[in-house]
Structures are given as structure tokens and as C-alpha cells.
Amino acid sequence: MLLAALYARQGRNAEAERLFKRSVATFEKTLGPNHPDLAGVLDNLAGLYKDQGRYADARQVLKRSMAIREKTRPI
């Protein structure tokens, strides 16, 4: 995930997106689709989309992140 963030900072957006999506898939497979750590990865992917002006994509990913956080938030 750090490499994806580095690529994003370098403007290597296609590579960053590929690695962020790979991280999402890995987290889903190993931790499950509602693990709180997955929400952080989704936030990073959404940030990449926002920086690219892909607001609809960013919104969709952020909604998923928020849903995960709401499910896993302690009362």
C-alpha cells in the first residue's frame, strides 16, 4: 500500500490505482469484506480518485468505507 501511495504522489496514477485495488482485494480475502482496516485502504483509493477529478468514483468508494466504519464502530 505504501508503494501505491508513492506512485500516487509521483503522478503514476494508473499504477497507484492498480496497487490500491490489489490491496483492497487482498484485505477482502484475508480479513473479510467488513474489516475496519479495509476502510483505510478504500479511503486511500478514494483520495486518488478525488485527486484525479473522478468524484463519482471517489464518492462510491467513500460510501463503502463509511458503511464499513459504521458496522465496526464500537458503541
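Above: the structure in question.
The rules we used
- Residues numbered from 1 in each chain as written.
- Predicted model: local features only at pLDDT ≥ 70, side-chain atom pairs only at ≥ 80, totals over all residues.
- Heavy atoms only, no water.
- Salt bridge = Lys/Arg side-chain N within 4 Å of Asp/Glu carboxyl O.
- Helix = DSSP H or I, 4+ residues; strand = E, 2+ residues; numbered from the N terminus.
- Buried < 20%, exposed > 50% of the residue type's maximum accessible area, 1.4 Å probe, protein only.
- Core = buried A, V, L, I, M, F, W, Y, C linked by side-chain atoms within 4.5 Å.
- Contact = heavy atoms within 4.5 Å.
- Axes fitted to C-alpha atoms, helices over the stretch in contact; angles between N-to-C directions.
- Parallel < 35°, antiparallel > 145°, perpendicular 65-115°, else oblique.
- Left-handed = near helix turned anticlockwise from the far one by under 90°.
- Nonpolar A, V, L, I, M, F, W, Y, C, P; charged D, E, K, R; others polar.

Following the criterion strictly, the structure yields seven salt bridges and no others. Lys21 is paired through a salt bridge with Glu17; the nearest N and O atoms lie 3.2 Å apart. Linking Lys21 with Glu17, this pair stays in helix 2 (residues 13-31), spanning four residues, or about one helical turn. Take Glu17: its relative accessible area is 14%, and that puts it in the buried class. Residues Glu28 and Arg64 are paired through a salt bridge, measuring 2.5 Å at the closest nitrogen-oxygen approach. Pair noted here: Glu28 is in helix 2 and Arg64 is in helix 4 (residues 55-72), with a separation of 36 residues, a long-range link. Linked through salt bridges whose partners overlap, the residues forming this network are Glu17, Lys21, Arg54 and Asp57.

Ranked by internal contacts, the top residues of the largest apolar core, which has 17 residues, are Phe20, Leu42, Leu45 and Val61. If you list the elements that add at least two residues to this core, you get helix 1 (2-9), helix 2, helix 3 (36-51) and helix 4. Top element by residues in this core is helix 3. It accounts for eight residues. Each residue touching Leu45, except ones within four places of it in the same chain, is listed here: Glu17, Phe20, Lys21 and Val61.

With that out of the way, let us pick up the packing of helix 2 against helix 3. Where helix 2 meets helix 3, the axes come as close as 10 Å, and the angle between the chain directions of the two elements is 165°. As judged from the angle between their axes, helix 2 and helix 3 are roughly antiparallel. Of the two elements, helix 2 crosses helix 3, and the hand of that crossing is left-handed. The segment helix 2 lies against helix 3, with Asn13, Ala16, Glu17, Phe20, Lys21, Ser23, Val24, Phe27, Glu28 and Leu31 engaging Asp37, Leu38, Val41, Leu42, Asn44, Leu45, Leu48 and Tyr49. Its residues assigned to classes, the contact of helix 2 with helix 3 comprises eleven nonpolar, three polar and four charged.

Here Ala56 shows up in helix 4. The spatial distance from the C-alpha of Ala56 to the C-alpha of Ala46 is 9.7 Å, given a sequence separation of ten residues.

Read these as geometric descriptors, not functional statements.
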